[in-house]
Amino acid sequence: MGRHIVLHGRKVVGGVAEGPALVTRQSISGWGGVNPRTGTIIESRHELKGQSFQDKVLVFPTAKGSSGWSSIFHTTRLAGTAPKAMVFNRVNTKVALGAVVTGVPAVTDLDQDPLEVIETGDWVRVDGDRGIVEVFKADPDEAAPRA
Amino acid sequence: MQLTDEERAMLDGRYGEAVQQAMDLLVRYGEALGAERMVEVRNVAGANIFTPAQRALAKAQDHAAAFSELSLNSAKPLTIPTVRVPSCQLIGPMDREQWAVQGLSEADQQAILESESFSASLGIHLLNTCTPYQVGNVPVKGEHCAWMESSAVVYINSVLGARSNVEGRESTAAAMLTGRVPYWGYHLPENRFATHLIQVEVPVESMMDWGLLGYWVGEMVDDQVPVLDGITQVPNLVRLKHFGAAAASSGGVELYHIPGITAEARTVEEALGGRAPKAVLRYGPAERRAAYEHLNATARDRKVDLVMIGCPHANLEQVWEVCQLLEGRHVHPETELWIFTPRALRQVCDRNGYTDILTRAGARLLSDTCPAIGQFLPPGARVVALDSAKQAHYLPAIMGVQGWFGSTKDCVEAAISGTWQGGLE
């Protein structure tokens, strides 16, 4: 097991879940940006286009775009393609409502930038009730030392 | 959260299980936002018409059960009461007259009509458009609203000075039953000041100009609040409708200011609330070109299968413009030209003979839905042409087609010739 980092933030949705991280520095569109039947990002110029967040811990700046964000993520729950948990930088109505109706643990307002600390493939455990995100780095040999 | 006695009574179940569920959802949503209390709303716009596929996914036996799961996030079927405050339906999945064009079966059509009737029975006004503000639901300055539809929210917030966040299906349904949403975001006066100053250094006049500017601004400011400086020509409803829709698609702009034109700022300083902007951004010819290229990123083949006009739904000025561009000419036999307008305006189009003009020219006037929401295209369509930055952003992603973006005139020309010859002037 690689390095272990703990981030502290604020509960958005309670519960505990863990899984491999899928990280993007680009905001996510729900409606018109995600195919909820597969959990796949479909936005034309998005860096995650073609990748599925199903069973991953989705780490992203925030939600953007259409007001259909919550209903698309609600649909991923019904279709069984939802992420395991959500970690994001900035709260807005789309991501807050979306996290509530997806019903997976979600945390924001962290004491370190999750986009800097977490990389795709890291194992992440999200404790929504305590607002804690634990990161187990995927490969200690490749992880750069941090100040 | 701090709740009033009335809100507490709703949460405690005094008004029945559906209202209780709605208030519980709003409390959890408000806590997720970090809100401290609710605000009363008397103008709600949501989306509660469901297709058989959605009902099946929700394992709903009837329309009340579908509303319970899909609109109120309750797996348990609830008895849904009539709405507590004035509420309307936004754009839906089906044109109620021309559903066969969408490739829907008779059974699908019946099920969607029933879902619509269920909403009507609750007292939800069936406007069935993404632009309620074009057909009589025009909020006043300072009015707290709970609207879905990012293009409509940015319009009523900015142009009219109403106060709404971009709500979702579940929060608007809950607001319909309770008359409340979390007091957060753009409901608070201190959050309505501009954060980014955009110095506009090229003329912005046509609808296409406004779409390009909006698309670029959204990419630059994401979900923050821009103020535009340097707008020399007063736009109209159509231009600001397209500007906001574009900015809400490429980013998440829910409020902007144009001093002297939009509702809340006479000057740049007033828009900024006396503070310095987080960033000052310049919009010149290179930025305009970049927006154009981003919007055309998916397009390669010049043979056009579908030209779509009316995202957000077109008003009478736009429908009449298409009629004039088509005068004496006919749509190419291998191309479709679809124009979308609110049902209420369609009646005026019928009365004015616009529908006949379009039909004779081989075009089709549709209402209540759009290709992105209803997820339909002419059979085999691979390449579409669009005069909407919003639709050019979404339709290629949702339907897997190539999308050309250009002026309304370039789009109508493409419908007539069957090939895309548009460009950036």
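Look above for the structure.
Residue numbers here run from 1 along each chain, matching the order of that chain's written sequence. A letter from A marks each chain and a number from 1 marks each ligand, given out in the order of writing. Where totals are concerned, whole chains, interfaces and linings use all residues; where local detail is concerned, this predicted model gives features only for residues with pLDDT of at least 70, and gives and counts side-chain atom pairs only at 80 or more. Derived side-chain values reflect all non-hydrogen atoms in the structure, with water molecules and hydrogen atoms excluded from consideration.

### A word on the overall build of chain A
Heads up, the condition is: For the purposes of this entry, the term helix denotes a DSSP run of H or I that reaches at least four residues, the term strand denotes a run of E that reaches at least two, and both are numbered from the N terminus. With the radius of gyration taken over C-alpha atoms, the globule rule is written as 2.2 Å times the number of residues to the power 0.38. Note on exposure labels: buried denotes an accessible area under 20% of the residue type's maximum, exposed denotes more than 50%, and partly exposed covers the range between, all computed with a 1.4 Å probe on protein chains only. Whether two residues are in contact is decided by their heavy atoms, any of which lying within 4.5 Å being enough. For the accessible areas, the method is Shrake-Rupley and the probe is 1.4 Å, while residue cover comes only from the protein chains on display.
Tallying secondary structure elements over chain A gives 3 helices and 12 strands in all. In terms of C-alpha radius of gyration, chain A reaches 14 Å, essentially the compact-globule figure of 15 Å for 147 residues. Considered along the principal axes of its C-alpha atoms, chain A spans approximately 40 × 30 × 25 Å. Taking all 147 residues of chain A together, the buried fraction comes to 62%. Sequence-distant contacts, at least 24 apart, represent 68% of the contacts inside chain A between residues at least 6 apart. Carbon and sulfur atoms provide 47% of the accessible area of chain A, an area that totals close to 5,400 Å².

### Regarding unusual backbone geometry
All names here are of chain B. The omega torsion across Cys 311 and Pro 312 is -10°, close enough to zero to call that bond cis. Positive phi values are uncommon outside glycine, yet Glu 149 reaches one of about 75°. Mapping Glu 149 onto the fold places it in the loop between strand E5 (146-147) and helix H6 (150-158). When its relative accessible area of 10% is taken as the criterion, Glu 149 is described as buried. The phi dihedral of Gln 375 falls on the positive side, at around 55°, and the residue is not glycine. In this structure, Gln 375 sits in the loop between helix H15 (371-374) and strand E13 (383-386).

### Focus: the interface of chain A and chain B
Where we set the bar: Values labelled buried area give the accessible surface lost by two parts on being combined, using a 1.4 Å probe and summing over both. One side-chain nitrogen of Lys or Arg within 4 Å of one carboxyl oxygen of Asp or Glu is enough to make a salt bridge. Identification of polar contacts relies on pairs of N or O atoms within 3.5 Å, with a donor-acceptor requirement for protein atoms, meaning one able to donate a hydrogen and the other able to accept it, and with residues adjacent in sequence counted only if both atoms are side-chain atoms. Gly falls in the polar group here, along with every residue not listed as nonpolar (Ala, Val, Leu, Ile, Met, Phe, Trp, Tyr, Cys, Pro) or charged (Asp, Glu, Lys, Arg).
On the side of chain B, 44 residues touch chain A, which itself brings 33 residues to the contact. Carbon and sulfur atoms make up 55% of the area that chain A and chain B hide from each other, which totals about 3,100 Å². Area buried by chain A at its contact with chain B is led by A:Trp31, A:Arg45 and A:Thr93, which between them contribute 21% of it. The tally of links from chain A across to chain B stands at 5 salt bridges. The tally of links between chain A and chain B comes to 17 residue pairs in polar contact (both at pLDDT 80 or more). Of all the elements in the fold, those that place two or more residues in the side of chain A that touches chain B are strand E2 (10-13), helix H1 (69-79) and helix H2 (93-102) of chain A. Among the elements that take part in the side of chain A that touches chain B, H1(A) stands out by supplying 7 residues, more than any other. Each residue belonging to the side of chain A that touches chain B can be placed in one class, and the counts come to 10 nonpolar, 15 polar and 8 charged.

### A word on the environment of B:Gly218
All names here are of chain B. Among the secondary structure elements, Gly 218 is positioned in helix H8 (residues 207-221). A residue is classified by how much of its surface remains accessible, and Gly 218, at 0% relative accessible area, is buried. Separated by 205 residues in sequence, Gly 218 and Gly 423 have C-alpha atoms that sit 22 Å apart. Residues in contact with Gly 218, not counting those within four places in the same chain, are Ala 247, Ser 250, Gly 251 and Val 253.

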